[in-house]
Amino acid sequence: MGGVASRNQFKRGSVSAFRKGAWLATVGAAAAALFLLPFAIGAGEPGQIRFEEIAAKAGVRHVHRTRRFAGKSADVLRMFTSGGSSAAVGDYDNDGFDDLFVTNSDTGQPNRLFRNNGNLTFTDATESAGVAGGNDPLSIVADALWFDYDNDGWRDLLVARFGTPILYHNERNGKFRDVTQRSGLNKFANTIAVITFDYDNDGRLDLLFGNYFQPVNLLDLKTPKVLPNDLDNAVNGGGVSLWRNNGNGAFADVTQKAGFGKHTGWTLDMGHGDFDDDGFPDVYVAGDYGTDRIFFNNGNGTFRDATETAIGFDTKKGMNAEVADYDNDGRLDVYVTNITDEYMKECNMLWHNNGDGTFTDVAKETGTCDTLWGWAAKFADFDNDGWLDLFAVNGLRSAGKENYIPVLFQLIATPNADFSDVNNWPAIGDMTWSGYQKKKLFRNLAGHAFKETSGPAGVDNDLDGRGVGVADFDNDGRLDFYQTNADQPALLYRNLTDPAGHWIELKLTGTKSNRDAIGSRIVVRAGGQSWVREVNGGNGYSSQSTARVHFGLGALDKVDAVEIRWPSGRKETLSVPLDTISSIEEGKGVVAQ
C-alpha cells in the first residue's frame, strides 16, 4: 500500500509557472507584515508547542493487527492491506466529551469503542455497545465514521471494510443496533476510506467511499492479477462510490449519476470542502499509483472533474487529503502527503487555493514537502496563535535490518514486468520498507512558511503511523490528538503548550441542515482579522477528527462576530465568549449545552 515509483521520471502537476510566480510575489510583498502577525495576536509569542503521550495512562493503548493471508504471496497482500488502522472521534453519548472508535483488521480481532470519562481517562465500552465485529474470514475492517444519518441527534457508526460496510444505529442507551441490511449498503468494495457530507444540501448526510483495489475478494482470490497495472497511471483500482441518503434509513448508489463513475484509480483518501465558496461541497480524491483528482459540485446533484484545469495531472502516490485555510486568506486549501524516501523523491503537495478554480502547489516553498512515507496529516492550531499548524504521520513497515527497496527494485527494473500479478512481487519476509521514520510537526509561521518542531514538541515517535484524530479530549481549549499505527500500539498526545493563546470552540447543530452541521462554513472576526473553518465529515487519511470547530485567537481579548452559513443556506451572525465551548443551534443562536 502506498505504492512504488516506475522507471519513468515523475511528472509535476500542470500548474503554470506564472501562477506560482504570482503566488511567490504576493508572499514576498507581504512577508514583513505576515512576520509581525504572530506578535500582534499572540500573548507575546505563544510558548513552544508541547505534548505528553498518555495512551496507557488514559486506557486507550489499542494495538492494531493487520490481516494475515495464506499462500505464496501472503506477505505482499498483507502489505497492500496494511492501511486500515483507523480512529474516529465523536461524542456518541452526548455528554460533551469526544469519544474514540478504533479499528482492528486481523481475523476475529475486535474494534474498540472508548468512552471518554471527562478526566483524560477512557472506559472500554466495546462489548456493551455491541460494535466489536467486522473482521470475519472474508472481510477486513479499514475505516470508521461517526455520523447522524437519521438526524435524531445521536451519532451513528459506519464501519468501512474490504467487503461490505456495517451501519450501526445509535440506540441512545450506550448500545448500537446493526441496521446494515435495511440500509441498502450491500455492494462489495475494497473500501479504504469513507467520508460523509450532504452533497445535495437536502438536509441528510450522504456517504462517499474510497475504494483501493477493484471489487475482488482478496481473501478468496480467483486471479493473481489484482495489483496496479501501472505504477504511474493505474486504472484498475476501485475508484469511489457515492451513496445518497434517501431519508428513510436507506441509501442509494448514485456514483454514475453524480459523475464519479469514470474514476477507476487506486483511491486512498478523499477530502471535502467548498473550494469555490458557492455553498456546495466539492471533493478532492488522493490517488495511489496515479493522478489525484478534484471534482467541483455543480449544485444539481452532479460533479464535474476539473483535475486538468484546477491542479493538473500527476503520477505521485497520493495518501491523504486534508482541507483547511492554512494562510487565513478565506479560501480552503488542500494538503496531500506523498512518498519521499531513498528511492522515491515525490514531495508532498500543499495546494494553495487561488480563488479562481485553480490551485498552486507550494509545498516546497512553505517547507511542508517532505514527510517521508506519508500517511495522515491534519491541520490544527496547537498553540492557539491564530495559525493552523500541521502534524503528519509516516512509516510503512518497521522490521528487520534488511531493506526491501533494493530487492523490489529488481522487479521495477525488469522490462515489461507485469506489476499487477501479485506472484511477481518478491517476498518481504522480515525486511523493513521505509520504516522507523520520525513523525513531523510543522508550526505555522504566519501562513507563509512552516517550521518542523516535532522533537521539541515530544511527538517525534518512529512508529508506523496511519491515522490522526484531533480533538480537545479534556475540554481545556488545547487540541490533543490520537495517532493510530499499523501492528503497533496507538498513542494519545495531550497538549501541554503553555502559554497558549485564547480560543473558542463551537459545537454546531443543524435543524433544517443535517443535524451534524457538516458543511457549515464559519467565519470568525476579531481585531480586524478573520478566520474560516468548515465542519467536515472525516477529512484526513484513516481518521475522523472532532466535529467541534476550534479557533485559536492569540492575545485578542474578544470576538467581534461569528458568521455561520449553514448547508441549508441560512446565514447567522452572533457573538460568543472567549475560552469557552459554545453550542449553536441553527435558527436559535447560542443555546445552553
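Worth saying up front: this structure is predicted, and the values here are computed from it rather than measured.

1. Focus on the state of the cysteines
With the rule as written, the count across this model stands at one disulfide. Disulfide pairing is shown between cysteine 347 and cysteine 369; the S-S distance is 2.2 Å. Taken together, the positions of cysteine 347 in the loop between strand S19 (333–336) and strand S20 (349–353) and cysteine 369 in the loop between helix H8 (363–366) and strand S22 (374–380) put the pair 22 residues apart, joining distant regions of the chain. The same class applies to cysteine 347 as to cysteine 369, namely buried.

2. A word on the pattern of salt bridges
Going through the model one piece at a time under the given rule, you end up with 29 salt bridges. Of the charged contacts, one joins arginine 161 and aspartate 136 as a salt bridge, the two residues approaching to 3.1 Å between their closest N and O atoms. Linking arginine 161 in strand S7 (residues 156–163) with aspartate 136 in the loop between helix H4 (126–129) and strand S6 (140–147), this pair joins segments that are 25 residues apart in sequence. Using a relative accessible area of 7% as the deciding quantity, one classes arginine 161 as buried. Two residues, aspartate 329 and arginine 331, come together in a salt bridge whose shortest N-O distance is 3.1 Å. Assessed through its relative accessible area of 29%, aspartate 329 is described here as partly exposed. Overall, arginine 331 belongs to the partly exposed group, its relative accessible area being 29%. A single network of salt bridges, built from pairs that share partners, joins Asp274, Asp277, Arg521, Glu534 and Arg565.

3. Some words on the domain arrangement of the protein chain
In terms of domain boundaries, the protein chain breaks down into domain 1 (51–495) and domain 2 (502–590). Placing a centre on the C-alpha atoms of domain 1 and another on those of domain 2 gives a separation of 24 Å. Every contact between the two is made by 66 residues of domain 1 and, on the other side, 37 residues of domain 2. At the boundary of domain 1 with domain 2, total buried surface from both sides reaches about 3700 Å², with 44% on carbon and sulfur atoms.

4. Side note on empty space enclosed by the protein
Sizing a probe to match a water molecule and rolling it over the atoms shows the empty space that remains. Under the criterion given, the structure shown has five cavities of 30 Å³ or more. Roughly 410 Å³ of internal volume is contained in the largest cavity. Lining the largest cavity we find 26 residues, and of these Phe379, Arg533, Glu534, Asn536 and Arg548 sit closest to its centre. Looking at the lining of the largest cavity, the elements that each hand over two or more residues are strand S14 (266–273), strand S18 (322–324), S22, strand S31 (529–534) and strand S33 (549–554). Taken together, the residues of the lining of the largest cavity break down into 12 nonpolar, seven polar and seven charged. Residue-level mapping places the lining of the largest cavity at the junction of two domains, with at least three residues from each of domain 1 (51–495) and domain 2 (502–590). If you add up the space inside the second largest cavity, you get close to 120 Å³.

5. Considering the pairing of strand S2 (residues 87–90)
Neither face of S2 is exposed, since Ala87 and Val89 on one face and Ala88 and Gly90 on the opposite face are all buried. Sheet topology note: the S2/strand S32 (residues 543–544) ladder contains two bridges and is parallel. Bridge pairing in S32 links alanine 88 to glutamine 544.

6. Digging into the environment of arginine 155
Tracing the backbone shows arginine 155 in the loop between S6 and S7. Residue arginine 155 is classed as buried on the basis of its relative accessible area of 13%. Along the chain, arginine 155 and glycine 90 lie 65 residues apart, while their C-alpha atoms are 7.6 Å from each other.

7. As for the sheet that holds strand S36 (residues 580–585)
Here we have four strands laid out as an open sheet, ordered S33-S29-S36-S37, and mixed in their pairing. In this open sheet, the two edge strands, each paired with only one partner strand, are S33 and strand S37 (589–591). Neighbour-to-neighbour, the strand axes of this sheet turn through a mean angle of 35 degrees, independent of strand direction. As defined by bridge partners, strand S29 (residues 502–509) adjoins S36 across six bridges and the pair is classed as parallel. Along S36, the bridge assignment pairs threonine 509 with glutamate 585.

So, how was this worked out
- Residues numbered from 1 in each chain as written.
- Predicted model: local features only at pLDDT ≥ 70, side-chain atom pairs only at ≥ 80, totals over all residues.
- Heavy atoms only, no water.
- Disulfide = S-S within 2.5 Å.
- Helix = DSSP H or I, 4+ residues; strand = E, 2+ residues; numbered from the N terminus.
- Buried < 20%, exposed > 50% of the residue type's maximum accessible area, 1.4 Å probe, protein only.
- Salt bridge = Lys/Arg side-chain N within 4 Å of Asp/Glu carboxyl O.
- Domains from an automatic or database assignment.
- Contact = heavy atoms within 4.5 Å.
- Buried area = accessible area lost by both parts, 1.4 Å probe.
- 1 Å grid on protein atoms, 1.4 Å probe; cavity = no way out; pocket = protein on both sides within 12 Å on 5 of 7 lines; lining within 4 Å.
- Points joined across faces, edges and corners; volume = space filled by probe spheres on them.
- Nonpolar A, V, L, I, M, F, W, Y, C, P; charged D, E, K, R; others polar.
- Pairing = 2+ DSSP bridges.
- Axes fitted to C-alpha atoms, helices over the stretch in contact; angles between N-to-C directions.

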